[in-house]
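Okay, here's what each chain looks like letter by letter:
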Amino acid sequence: MTAAGDMLNQVVPTLVRVARRPGALLLTAAATAVGIFALLGLLLGTGGTGWTAWIPFGLAAVLAVPVLVLTVRRARLQAQTQDLDLRQTIVGGSREVVVVDSHGQDPARHALQDEVETLNAAMAEGAVRTARFLPRVEAAQRAALVAAGGTVRAPYLADDLRVTIVALLGTLAAVPLGTLGAIVTAVLLLAS
């Protein structure tokens, strides 16, 4: 594995572990707001006389989609990063040992050449922006996949990050919108 892939396998699990509690709080807040909005929308829809009474329930269902997508993506990401070890790299002291292979060459030089080739390939992959939707995110994910050595060595990069980012933004928006929708629907229920 290259140093870039090793670094990704140390940084990503750390970020996932750090974001575990805030992510759970965000999903709980969003699910609560959208759930109350959906329940009040259902009550308004069943007690209403026209199809317009079902609009709040439909809006709550729309708000629930990114929350569900983010919940599934978060669970998959935690499962994929759970097996990755958090290793600490220890740098050697002042004594150096140079290992020479059977051809009389330093294998560290080949490792450095492989690392440079991998980083150049990742940079080239990151420069290509073919996606129409969030092209920089898609290019960065492809570059990270090249640097890490593919989805076998970095399974957390298998899912499309663009979908996860949009689901995160939708979940962030679902908290205030669900709360506002629940309040408006409660007023409509009281008025009817």
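Everything discussed here concerns the structure shown above.
In this text, all values refer to a predicted model and were calculated from it rather than measured experimentally.

Visitor: Would you mind going over the overall build of the protein chain with me for this structure?
Guide: From N to C terminus, the protein chain includes 6 helices and 0 strands. Going from N to C terminus, the protein chain has its helices and strands arranged as α-α-α-α-α-α. Element-wise, carbon and sulfur atoms account for 67% of the exposed surface of the protein chain, whose accessible area totals about 12400 Å².

Visitor: Please clarify how the packing of aromatic side chains should be interpreted in this entry.
Guide: Any pair of aromatic rings gets described here by the distance separating the centres and the angle formed by the planes. Enumeration over the complete set of coordinates arrives at 1 aromatic pair. Ring centres of Trp54 and Phe57 lie 6.0 Å apart, and the angle between their planes is 80°; this geometry places the pair in the edge-to-face category. The partly exposed category is assigned to Trp54, whose relative accessible area is 36%.

Visitor: Whenever I open this one, the nonpolar core confuses me. Can you help?
Guide: The nonpolar side chains of a soluble globular protein tend to be buried with one another. Counting residues in each nonpolar core, the largest one holds 14 residues, and the members touching the most others are Phe37, Leu63, Val67, Leu70 and Ala174. Secondary structure elements with two or more residues in this core: helix 2 (20-47), helix 3 (55-82) and helix 6 (161-191). For this core, the leading source of residues is helix 2, giving 7 residues. Those residues within four positions of Val67 in sequence are excluded, and the remaining contacts are Leu27, Ala30, Ala31, Thr171 and Ala174. With 8 residues, the next largest nonpolar core counts Ala144, Ala148, Ala154 and Leu157 among its residues.

Visitor: What should I look at first to understand the environment of Gln10 in this one?
Guide: Summarising the element assignment, Gln10 is placed in helix 1 (residues 3-18). Each C-alpha atom of the pair Gln10 and Thr81 lies 9.7 Å from the other, and the pair is 71 residues apart in sequence.

Visitor: It is not clear to me how the packing of helix 2 against helix 3 should be interpreted in this structure. Could you clarify?
Guide: The geometry of a pair of packed helices is captured by two quantities: the angle between their axes and the separation between those axes. Orientation of helix 2 relative to helix 3, taken along the N-to-C sense of each, is 155°, at an axis distance of 9 Å. Taken together, helix 2 and helix 3 sit at an angle that is classed as roughly antiparallel. At the point where helix 2 passes helix 3, the crossing takes the left-handed sense. Of the residues that constitute the contact of helix 2 with helix 3, the class distribution is 18 nonpolar, 4 polar and 2 charged.

Visitor: Can you walk me through helix 6 in this structure?
Guide: For an α-helix, the turn length of 3.6 residues means that residues three or four places apart are oriented alike. Taking 1.5 Å of rise per residue, the 31 residues of helix 6 would be expected to cover 45 Å, and the 44 Å separating its terminal C-alpha atoms lies within 8% of that figure. When the local axis directions of helix 6 are compared, the greatest deviation, roughly 35°, occurs at Ala174, which is followed within four positions by the proline Pro176.

Visitor: When you look at helix 2 in this model, what are you seeing that I'm missing?
Guide: With 28 residues, helix 2 should reach 40 Å at 1.5 Å per residue; the first-to-last C-alpha distance of 40 Å fits that figure. For helix 2, the set of buried residues is Gly23, Leu26, Leu27, Ala30, Ala33, Val34, Phe37, Ala38, Leu40, Gly41, Leu44 and Gly45. Looking at the buried positions of helix 2, the neighbouring elements they touch are helix 3 and helix 6.

Visitor: Hey, could you run me through the environment of Val67 in this one?
Guide: One can find Val67 in helix 3. Overall, the relative accessible area of 7% leaves Val67 in the buried class.

Rules used in this analysis
Here the residue index of a chain counts from 1 through its sequence in written order. Local features in a predicted model are, by the rule used here, given only for residues with pLDDT of at least 70; side-chain atom pairs are given and counted only at 80 or more, and totals for whole chains, interfaces and linings are based on all residues. Values reported for side chains reflect all heavy atoms of the structure, with hydrogen atoms and water molecules removed beforehand. Helix and strand assignments follow DSSP, with helices taken as H or I runs no shorter than four residues and strands as E runs no shorter than two, numbered in order from the N terminus. Every accessible area reported is derived by Shrake-Rupley at a probe size of 1.4 Å, with residue values counting cover from the shown protein chains alone. Working definition: rings of Phe, Tyr and Trp (its six-membered ring) pair if their centres are within 6.5 Å, and the pair is stacked with planes under 30 degrees apart, edge-to-face with planes over 60 apart, and tilted otherwise. Relative accessibility under 20% of the residue-type maximum defines a buried residue, over 50% an exposed one, and the middle range a partly exposed one, all with a 1.4 Å probe and only protein chains included. To qualify as a nonpolar core, a set must consist of buried Ala, Val, Leu, Ile, Met, Phe, Trp, Tyr and Cys residues joined through side-chain atoms within 4.5 Å. Contacts: residue pairs with any heavy atoms within 4.5 Å of one another. The axes used here are C-alpha line fits, helices contributing only the stretch in contact, and every angle between their N-to-C directions lies in the interval 0 to 180 degrees. Relative orientations are named as follows: roughly parallel for angles under 35 degrees, roughly antiparallel for angles over 145 degrees, roughly perpendicular for angles from 65 to 115 degrees, and oblique for any other angle. Each helix crossing is assigned a hand: it is left-handed if the near helix lies turned anticlockwise from the far helix by less than a right angle, otherwise right-handed if that turn is clockwise. Charged residues are taken to be Asp, Glu, Lys and Arg, nonpolar residues to be Ala, Val, Leu, Ile, Met, Phe, Trp, Tyr, Cys and Pro, and polar residues to be all remaining types, Gly included. Expected helix span is taken as 1.5 Å per residue step, with the number of steps being one fewer than the number of residues. Across the chain, bend at a residue is computed as the angle between axes fitted to the seven residues ending at that point and the seven starting from it.

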